[in-house]
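Observations on the model geometry
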Amino acid sequence: MVSKYTKRYTEEFKRDAIALVDSSAKTVTAVARELGISSESLRGWYRRAKTDGGEGESGELTSSEREELKRLRKEVREQQQTIEILKRATDFFVKENDR
């Protein structure tokens, strides 16, 4: 049975795991197995660290760019809600004035 709780690892642990991959001749899978973590988790951390360090694939977003995108999407969503509320209020007051 799969646990419904996701393990959380500290940033220090992630940095150390990434450094271990870089400093050893072992594969990501071998290092993950040694540390008792998912190879996909370690692979994701490693890929993100490389991208943040400017070594990622073309078109990949850095962590700060991801955070900015997330913030901007939230802001757009909030503004769309505000616009919708203002449209409804305008319709309401136009109908009230027509009476």
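In the block above lies the structure referred to throughout.
In short, a report on the structure. Quantities reported herein were computed from a predicted structural model and do not represent experimental measurements. (Residues numbered from 1 in each chain as written. Predicted model: local features only at pLDDT ≥ 70, side-chain atom pairs only at ≥ 80, totals over all residues. Heavy atoms only, no water.)

What follows deals with helix α1 (residues 11-23). Taking 1.5 Å of rise per residue, 13 residues should cover 18 Å, and α1 covers 18 Å from first to last C-alpha, within 8% of that figure. Among the residues of α1, those classed as buried are Ala17, Ile18 and Val21. The buried residues of α1 all sit within an arc of 95° when viewed along its axis, so they share a single face. Along α1, the residues that are exposed and aim more than 90 degrees away from the buried face are Arg15 and Ser23. (Helix = DSSP H or I, 4+ residues; strand = E, 2+ residues; numbered from the N terminus. Expected span 1.5 Å × (residues − 1). Buried < 20%, exposed > 50% of the residue type's maximum accessible area, 1.4 Å probe, protein only. Arc of directions from axis to C-beta.)

In this section: helix α3 (residues 39-52). With 14 residues, α3 extends 20 Å from end C-alpha to end C-alpha; this agrees with the ideal 20 Å at 1.5 Å per step. Among the residues making up α3, those that are buried are Leu42, Trp45 and Thr51. Summarising the contacts, the buried residues of α3 are in contact with α1 and α2 (28-35). Among the residues of α3, the N-terminal cap falls to Ser38, whose side-chain oxygen and the backbone nitrogen of Glu40 are separated by 3.2 Å. Following α3 by one or two positions, Gly54 has its phi on the positive side, about 85°. (Contact = heavy atoms within 4.5 Å. Polar contact = N/O pair within 3.5 Å; in protein donor to acceptor, adjacent residues only side chain to side chain.)

The quantities given are spatial measurements derived from coordinates; they are silent on function.
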